[in-house]
Amino acid sequence: MTSLKKTSLQQVGNELLKQPLQKANNVTILLAAAKPSSSQEEELIAIHQLHLFFLASLECGQLIVSSQAAAEPEEPEAQHAGWLRKQYSTYISQLQQLLRSSPHPSVQMAALGAGMEAVRAGNSCFQFHNRTFESLVEAMLRNSNLAPEVLSRMTSKYLPHADVRFYTLRAIAAIVNGKGGDSSKAQPSRASGAAKGTQAPPIAALLDLLLKIETPLSIGGVTSWCGALEAGQTNAEAQPPAAKKRRLASSQQHASVQEGAKWARAKPQKRAFTDAWLAVLRVPLTLPDLHRALSHLPDSVIPHLTDPLLLSDFLTHSVDSGGLTGMLALHGIFILVTQHGLEYPHFFMRLYALLTPDIFNARHRVRFLTLADIFLSSGLVPAYTAAAFAKRFARLALTAPPAGAITCTGFIHNLLRRHPACQFGRDPYDEGEPDPAKSQALASSLWEAESLRDHYCPQVAASVSLLDRDFSDPKKTAEVNVQQYAAGSFAAIIKQELDIRLKKAPIAFHSQPLTSLFGTALPILGFAFA
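Keep in mind the model is a prediction, meaning the values are calculated, not measured. (Residues numbered from 1 in each chain as written. Predicted model: local features only at pLDDT ≥ 70, side-chain atom pairs only at ≥ 80, totals over all residues. Heavy atoms only, no water.)

Novice: Can you break down the nonpolar core residue by residue, with the values?
Specialist: In a soluble, globular protein the nonpolar side chains are often hidden away together inside. Ranked by size, the top nonpolar core spans 148 residues in total, and within it M154, W277, L297 and F393 carry the most contacts. Counting residues per element, this core draws most heavily on helix α9 (residues 162–177), at ten residues. For L297, the residues in contact, after removing those within four places along its chain, are W277, L281, I302, P303, L311, F314 and L315. (Core = buried A, V, L, I, M, F, W, Y, C linked by side-chain atoms within 4.5 Å. Buried < 20%, exposed > 50% of the residue type's maximum accessible area, 1.4 Å probe, protein only. Helix = DSSP H or I, 4+ residues; strand = E, 2+ residues; numbered from the N terminus. Contact = heavy atoms within 4.5 Å.)

Shown next, in the form of structure tokens:
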């Protein structure tokens, strides 16, 4: 079809809205304009006009064939309704195509808005068209040029509704599972390949959307996009068994409402939330995406899963990657151990192995060391383990940069304060022993801290004074903010020195003017001074 001008295309749409039966063929003209090959203006006008036309047709019931007309398929009413349904299917497909392939943010926004209205349009029984919605979600996530405004609109306008949130979670799980496999458990063998950077095309976009869904349904303040809750067709309370039986024995319409009301109950929402996260975590993620997912798990995901222990294999194998990945995975394991009964006897051994000299030069050292301080503040840490970590930090301080040495001193201070029973003597400490319980640190001494008193950097030498405090009574001292120390650097230390206001500045003063470079009392062989 040749490209229509903006005014003529607008006129075609207006004629269709004024005379929907006489100008029905205008639908095909608008559908031809609502293609990625058309111009941006034509796409926007066509989407708007088709949206208004089909919304009015659905409200008037023109897409539904009456029982009398259905008995006679040759009747014009039945033929028109059948033809209109085909055009409506084409309209939905083209909205998905525009959302998938259009590079224009305005077209993407228009296609999303029209598609979301189609999800609930013409719905006399307040059902949610989940198949249409899942197709829209998949099309949106497969657009490599998806505009940030589209995801923002999805998050702010649609995801707060319980039905949209429920079917978004189901769509994410369905898209991932469509690649094959069962998502009942997060498969660690695939998670271990995250460091290699292999990734299925839509996974990054899926994770972006999934991270926007912070918590599943809560009973208070629930709203619905399809209007079933607001119309009183369903409620957000779990139905008792007797009421459920009466519903199943009632009419087909009531059964449909009961089926569609799964999204209005907390338990199915929680299950959909679990399935979506397990599905995403079972496929390979790039390193940045893996870090985002691991950072999100402890506070925003694990508390809302049906069974948090399903993540244990994924987290255990992620620890093997070491570095920040291992530390973030340890945070998840720490939550499972302390709050959900996971047995992981090698937790502190794995943490001990992650403490290497490289951490003080790492980009994410602040997050890394902050988590280490959280783990070591747990009441599960025995005295011999605390002593081993104190020795490890003391050894690291000898070769660390000044900011890292100060951080190590803070760790040692906190460990001694939390465990006054740590009394160091001679030094049989085995630095190469991977198990902190077998390193004999409790029988050792902190001679490294004494060496730091002669450190070339004055701030490091001054920080050792923290260890001169009385640790026999924890009430007499306060813990050091390790996170503040971990953020330090050479630049921060220099700035701190330059910001010090001196009360007395050293000056060069001579009672008499200088007459020579060297005095007569300082003879230098081979030279004579007048």
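Novice: Any details on empty space enclosed by the protein? Residues and values, ideally.
Specialist: Empty space left among the atoms is revealed by rolling a probe the size of a water molecule over them. Across all of its chains, the model carries three cavities of 30 Å³ or more by this definition. Around the second largest cavity, the lining residues are H51, F54, L55, L58, Y88, Y91, A114, E117, A118 and A121. At the level of secondary structure, the elements contributing two or more residues to the lining of the second largest cavity comprise α3 (40–60), α5 (76–101) and α6 (105–120). Along the lines of polarity and charge, the residues of the lining of the second largest cavity split into eight nonpolar, one polar and one charged. (1 Å grid on protein atoms, 1.4 Å probe; cavity = no way out; pocket = protein on both sides within 12 Å on 5 of 7 lines; lining within 4 Å. Points joined across faces, edges and corners; volume = space filled by probe spheres on them. Nonpolar A, V, L, I, M, F, W, Y, C, P; charged D, E, K, R; others polar.)

Novice: Go over the side chain of E43 with me, naming the residues and quoting the values.
Specialist: Mapping E43 onto the fold places it in helix α3. Notably, E43 is buried but unbridged: the nearest opposite-charge side chain belongs to K35, and the N-O separation is 11 Å. When neighbours within four sequence positions are excluded, E43 is seen to be in contact with A33, K35, P36, S37, S38, L98, S102, H104 and V107. (Lys, Arg positive; Asp, Glu negative; His and termini not counted. Salt bridge = Lys/Arg side-chain N within 4 Å of Asp/Glu carboxyl O.)

Novice: Please provide a residue-by-residue account of the packing of aromatic side chains, values included.
Specialist: Considering all chains together, one arrives at 15 aromatic pairs under this definition. Taken together, a centroid distance of 4.8 Å and an interplanar angle of 10° make the contact between F128 and Y167 stacked. With F128 in the loop between α6 and α7 (130–141) and Y167 in helix α9, the pair connects residues that are 39 residues apart, well separated along the chain. Look at F128 and you get buried, because its relative accessible area is 8%. With relative accessibility at 6%, the residue Y167 sits in the buried group. Members of the aromatic cluster, each reached through a chain of ring pairs, are F334, F347, F348, Y352, F375 and F389. The residue whose ring lies beneath R120 is W225, and the NZ or CZ to ring-centre distance is 3.6 Å. Lying across the ring of Y352, R392 places its NZ or CZ 4.0 Å from the centre. (Phe/Tyr/Trp six-rings, centres within 6.5 Å; stacked < 30°, edge-to-face > 60°. Lys NZ or Arg CZ within 6 Å of the ring centre and 35° of its normal.)

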